[in-house]
Amino acid sequence: MQQFLSVNDVADVSQLVEEAFLLKQNPWSHAHLGQGKTLGLVFFNPSLRTRLSTQKAAWHLGLHTLMMNINQEGWAIETRDGVVMDQAAGEHIKEAAGVFAQYCDLLGVRCFPSLVDREADYNETVMKKIALYSGRPLISLESATVHPLQSLADVMTIMEKRRRARPKVVLTWAPQVKALPQAVANSFAQWVLRTDCELVITHPPGYELNPSFTQGARIEHDQDRAFEGADFVYAKNWSAYEPYGAILSEDRSWTVSEEKMRRTRDGYFMHCLPVRRNLKVTDEVLDGPRSLVLNQALNRVYAAQVVLKRMLEHLR
Ligand code: AN0
Ligand code: CP
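Small disclaimer: the values here were computed from a predicted structure and weren't measured.

Enquirer: Sorry if this is basic, but what is going on with the site of ligand 2 here?
Expert: Taken together, S47, L48, R49, T50, R110, H147, Q150, C272, L273 and R300 make up the full set of residues near ligand 2. For ligand 2, an oxygen atom lies 2.8 Å from a polar atom in the side chain of R49. Contact distances for ligand 2 include 2.9 Å between a nitrogen atom and a side-chain N or O atom of Q150. In isolation ligand 2 offers 260 Å² of accessible surface; the protein chains occlude 93% of this area. For the shell around ligand 2, a count of residues per class yields three nonpolar, four polar and three charged. When residues of the shell around ligand 2 are sorted by domain, at least three fall in each of domain 1 (3–146 + 297–315) and domain 2 (150–295).

Take a look at the structure:
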């Protein structure tokens, strides 16, 4: 594997999941694979799980990590080409990426969307520039449009907990108070559609995701109907794709509650975290026995580890 920017970099999702489970059973099986190599982790945005799980995965493989919160600890970065840099930005992405490459063999980058310029976001302009100017194998730690390490961990969690060959998975929009990216939802849909699951996406009208990620899923605007017989309910908020970045609804009747979960087939609750309690999901559901949020968080380690392993094998 030379890069991990989306599910399109994975030839066989179930093989990758199986390999991740082997690492979960025996995390130190490849403890020397990364010896002498450095993984750079660059965060343009906050993170708890991604930064910790990826560092832990690297440690299991004997990789050294360098981490930078570039927006807080670095010079303000210019990402546009050909501009006169007489404003706030003191360093161009071209030099910054080139410098990362001097110190690191592999790079991981988190870079959220602007939610203003849809074309630039959906072209993954910043990720592509870092890949180009660093020339290093690049892992997405959540980009403008997708969060593949999260989705891999989510698919692992579904595979571990499913009780039938083709489970019904429901991705439900849930209320929020600020505009969030579409990345987790796009990516979850894209990955689940590469597995043997039925996928239903439910959201208030107007929250349609970019169809290139959801082709093959059933869209259902009635949340109660969507939940009928579900094996897994995955809650996430996202802002509108059209008009881009807009909050069209704050309808609290979409909060996932016990009452709604009773419509499922004793279904599990999933969320990538961080989650706002009693806004997206009630305490009862999140603290209840069907909540898988910590299982998902644990699987983030082995999702990162299998990707790092494959990239290191390619480097050798
Ligand atoms: C981010 C998002 O929705 O993309 C990160 C989730 C892993 N969430 C927030 O900003 C709350
Ligand atoms: N789920 C997830 O990616 O969490 P962080 O934003 O805390 O890394």
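Next, the rest of the story.
Enquirer: Help me understand the sheet that holds strand β7 (residues 168–173) in this model?
Expert: Sheet strands pair via backbone hydrogen bonds, and the direction of the pair is either parallel or antiparallel. Ordered in space as β9-β8-β7-β10-β11, the five strands form an open sheet in which the pairing is parallel. The sheet is open, and its two borders are formed by β9 (218–220) and β11 (268–270), each paired with just one other strand. If you compare each strand with its neighbour and ignore which way they point, the axes differ by 25° on average. Here strand β8 (residues 198–202) pairs with β9 via three bridges, running parallel. Counted as the bridge partner of I201 is I219 from β9.

Enquirer: Sorry, what's going on with the pattern of salt bridges here?
Expert: Per the counting criterion, the structure on display carries 21 salt bridges. Close ionic contact of R310 with E19 constitutes a salt bridge, the shortest N to O distance being 2.8 Å. Within this pair, whereas R310 is found in helix α13 (residues 293–315), its partner E19 is found in helix α1 (residues 13–25), the two being separated by 291 residues in sequence. In this structure, R310 and E19 share a single accessibility class: buried. D231 is the partner of R164 in a salt bridge, and the nearest nitrogen-oxygen pair spans 2.7 Å. Placement of the pair is R164 in the loop between α7 (148–161) and β7 and D231 in the loop between α10 (223–227) and β10 (232–236), with a sequence separation of 67 residues. For R164, a relative accessible area of 32% puts it in the partly exposed group. Among the ionic contacts, a cluster of salt bridges with common partners joins E19, K309, R310 and E313.

Enquirer: I keep staring at the site of ligand 1 and nothing clicks. Help me out?
Expert: All residues in the neighbourhood of ligand 1 are listed as F112, E142, H147, L180, P181, K236, C272 and L273. Within the side chain of E142, one N or O atom sits 2.5 Å away from an oxygen atom of ligand 1. Contacts to ligand 1 include K236, whose side-chain N or O atom sits 2.7 Å from an oxygen atom. Relative to its unbound accessible surface of 320 Å², ligand 1 loses 87% to contact with the protein.

Enquirer: Explain the pairing of β7 here, please?
Expert: In the case of a regular strand, side chains alternate between the two sheet surfaces. Counting buried positions over the six residues of β7 gives six, a clear majority of the element. Neither face of β7 is left uncovered, since the one carrying K168, V170 and T172 and the one carrying V169, L171 and W173 both have all their residues buried. In the sheet, β7 pairs with β8 via five bridges, with the strands oriented parallel. Residue pairing for β8: L171 is matched across the bridge by I201. Handedness of the β7-helix α8 (residues 183–192)-β8 crossover: right-handed. Across five bridges, β7 lies against β10 in parallel orientation. Looking at β10, one finds that W173 is bridged to K236.

Enquirer: How do you make sense of the nonpolar core when you look at a structure like this?
Expert: Most often, soluble globular proteins have nonpolar side chains that are buried together. With 60 residues, the main nonpolar core has F4, L152, L171, W191, L199 and L308 as its most contacted residues. At nine residues, the largest contribution of residues to this core is made by α13. Looking at this core, you find at least three residues from each of domain 1 (3–146 + 297–315) and domain 2 (150–295). Ignoring anything within four residues of it in the chain, the contact list for L308 reads L39, T54, A57, A58, L61, L63, L106 and I139.

Enquirer: What am I meant to see in helix α4 (residues 93–103) here?
Expert: In an α-helix, one turn spans 3.6 residues; hence positions three or four apart end up facing the same way. For α4, the set of buried residues is I93, A96, A97, G98, F100 and A101. Residues of α4 that are buried in the fold lie against β1 (38–43), α3 (70–73), β3 (77–78), β4 (91–92), β5 (106–110) and α6 (125–134).

Enquirer: Sorry if this is basic, but what is going on with the domain arrangement of the protein chain here?
Expert: For the protein chain, the domain assignment lists domain 1 (3–146 + 297–315) and domain 2 (150–295). A C-alpha centroid distance of 25 Å is found between domain 1 and domain 2. Between domain 1 and domain 2, the residue contacts involve 33 residues of the former and 33 residues of the latter. Here domain 1 packs against domain 2, burying approximately 2,600 Å² in sum over the two surfaces, 63% of which is carbon and sulfur. If you sort the residues of domain 1 by the area they bury against domain 2, L115, R118 and Y122 come out on top, with a joint share of 26%. At the junction of domain 1 with domain 2, the criterion picks out two salt bridges. For R118, the salt bridge identified is with E242, shortest N-O distance 3.4 Å. Here domain 1 and domain 2 share 17 residue pairs in polar contact (both at pLDDT 80 or more) between them. Contributions of two or more residues to the side of domain 1 that touches domain 2 are made by α1, α5 (118–122) and α13. At eight residues, the largest contribution of residues to the side of domain 1 that touches domain 2 is made by α13. Residues belonging to the side of domain 1 that touches domain 2 are distributed by class as follows: 21 nonpolar, five polar and seven charged.

Rules behind the numbers
Residues numbered from 1 in each chain as written. Chains lettered and ligands numbered in written order. Predicted model: local features only at pLDDT ≥ 70, side-chain atom pairs only at ≥ 80, totals over all residues. Heavy atoms only, no water. Near = heavy atom within 4 Å. Polar contact = N/O pair within 3.5 Å; in protein donor to acceptor, adjacent residues only side chain to side chain. Areas by Shrake-Rupley, 256 points an atom, 1.4 Å probe, with all protein chains shown as cover. Nonpolar A, V, L, I, M, F, W, Y, C, P; charged D, E, K, R; others polar. Domains from an automatic or database assignment. Pairing = 2+ DSSP bridges. Helix = DSSP H or I, 4+ residues; strand = E, 2+ residues; numbered from the N terminus. Axes fitted to C-alpha atoms, helices over the stretch in contact; angles between N-to-C directions. Salt bridge = Lys/Arg side-chain N within 4 Å of Asp/Glu carboxyl O. Buried < 20%, exposed > 50% of the residue type's maximum accessible area, 1.4 Å probe, protein only. Right-handed = clockwise from strand over helix to strand, strands pointing away. Core = buried A, V, L, I, M, F, W, Y, C linked by side-chain atoms within 4.5 Å. Contact = heavy atoms within 4.5 Å. Buried area = accessible area lost by both parts, 1.4 Å probe.

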